[in-house]
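Observations on the model geometry
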Amino acid sequence: MTRPPLRICVLGDLESVHTRRWMLPFVERGHEVHAVSYYPLSSPIEGVTVHALTGLGAATPTGDAKRTGSSLAGRLPPTPLRLLNALRYRRRGLADAIRRIQPHVLHAHYAVEYGFFAATTGYHPLVVTAWGSDILVAAERSRYARRVARYALRRADLVTSNNEYMTGRIRDLGVPAGKAQTVVFGTERFFLEADDGVNARSVASGYPPTVISTRSLDSPLYRVDLVLKAMAVVRRRLPDARLLVAGSGRLQPTLERLAGQLEISDAVTFLGFLDRAAFRDALASAHVYVSVPASDATSVSTLSAMAVGCFPVLSDLPTQHEWIEDGANGLLVPVGNVDALAEGIVRALEDEELRRQAVALNRRRIEERGLWENESLRMEELYYDLADVR
């Protein structure tokens, strides 16, 4: 028997491409999807009914939770700012908006902000999804953030993360094993269907050794500066090597200046924001993908690179071990070590056989558990388990 559609309400950074992408499969499957925002959004979300709590202007690209406290953001520590934003959401009628929607499931993304805001409403069933830095950074560094995280997680009926290691950390915060699930927010089959990248065929004569970085240029967490410094070392051994930097953000001018100081500007191309097709093409044009943040969960861009066939060189973090076997389908390098990163990049660029063998291994791994099309079906089953729908 066909099950009736669900009414799902999402609370999160609705300007984020990741939050929007999370909702898409549920819209496509005919569910009624709602979302609550503090401010009206800068652009609509197709198929989603957005409920703005206030009509004052539009949200900024960094998210409406940050916007609500923007005048104080530079003066308040993160936890007091979160408490202030929770109060503002409450005063603007967050609980009333959710009760008017009457969702079968309320789903909040990012535990120490939107998960916390949702938990204060007392609405159930509540799903809270942790995204990485909320659990691995904020809750680790601050006992106050840890209390906020515990408050949100313990009041949730289900907590999900996209990485087994992080799910373990969630359980350490007091969430029972049965309420903590790993649902991989993965890449799309679109990336598996890419034309053979440079690693899936013999390297074309004269094609330069190419490295790509696709992590955010808005946060120093992702250490794109480290990638530039490593490339300066790589170029001493492989003078033709080049670096592609995808994306845009507030740190781009600083990184461009750093490339000049390192005297590698001629070897670095800042690609800016890329749409989905251009992003896939850029990954397929590179031999090596580099991502070396100090902390990370399972990165969608890393899974996309693996799907396309671009060889990954990543920070040696516990979260990466469930995807990468060092020396087989990628390389893991010590966090923050420029020389080790440069050595890893050189090894990857020089070992064509290693890269070519990794293509099949990584595509199989993505097919097995790294596709959002498949994982969203698991999420849908979890929704139905929680919802009182007949």
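Further up the page is the structure itself.
Read on for a plain summary of the structure.

Rules and cut-offs
- Residues numbered from 1 in each chain as written.
- Predicted model: local features only at pLDDT ≥ 70, side-chain atom pairs only at ≥ 80, totals over all residues.
- Heavy atoms only, no water.
- Helix = DSSP H or I, 4+ residues; strand = E, 2+ residues; numbered from the N terminus.
- Buried < 20%, exposed > 50% of the residue type's maximum accessible area, 1.4 Å probe, protein only.
- Contact = heavy atoms within 4.5 Å.
- Pairing = 2+ DSSP bridges.
- Axes fitted to C-alpha atoms, helices over the stretch in contact; angles between N-to-C directions.
- Arc of directions from axis to C-beta.
- Polar contact = N/O pair within 3.5 Å; in protein donor to acceptor, adjacent residues only side chain to side chain.
- Expected span 1.5 Å × (residues − 1).

1. Concerning the environment of V148
Position of V148 among the secondary structure elements: in helix α7 (residues 143–155). V148 gets classed as buried once you look at its relative accessible area, which sits at 7%. When the C-alpha positions of V148 and M231 are compared, they lie 40 Å apart, and in sequence the two are 83 residues distant. When sequence neighbours within four positions are dropped, the list of residues in contact with V148 reads T79, V112 and F116.

2. Let's talk about the sheet that holds strand β1 (residues 7–11)
Spatial strand order, β3-β2-β1-β4-β5-β6-β7: seven strands in an open sheet with parallel pairing. Edge positions in the sheet fall to β3 (48–52) and β7 (180–182), since each has one partner strand and no second. Strand-to-strand twist across the sheet, computed as the mean angle between neighbouring axes with direction ignored, equals 25°. One ladder, built from four bridges, connects β1 with strand β4 (residues 105–109); its direction is parallel. Bridged to V10 within β4 is H107. Each of β1, β2 (32–37), β3, β4 and β5 (126–129) is contacted by helix α1 (residues 17–28), which is oriented at about 155° to β2, the strand it contacts most.

3. Observations concerning helix α8 (residues 164–172)
Within the sequence span of α8, burial applies to M166, T167, R169 and I170. With its buried residues spanning 160° around the axis, α8 presents them on a single face. On its buried face, α8 is in contact with α6 (133–141), α7, β6 (158–161) and β7. Where α8 starts, the residue carrying a side-chain oxygen 3.0 Å from the main-chain nitrogen of Y165 turns out to be N163. Looking one or two places after α8, you find G174, whose phi comes out positive at around 105°.

4. Some details on α1
Counted at 1.5 Å a residue, the expected span for α1 with its 12 residues is 16 Å, and the 17 Å between its end C-alpha atoms agrees. Turning to α1, its buried residues number three or more, namely T19, R20, R21, W22, M23, P25 and F26. N-capping of α1 is provided by S16, with a side-chain oxygen placed 3.1 Å from the backbone N of H18. The positive-phi residue at the C-terminal boundary of α1 is G30, with phi of around 90°.

Geometry only, nothing functional implied.
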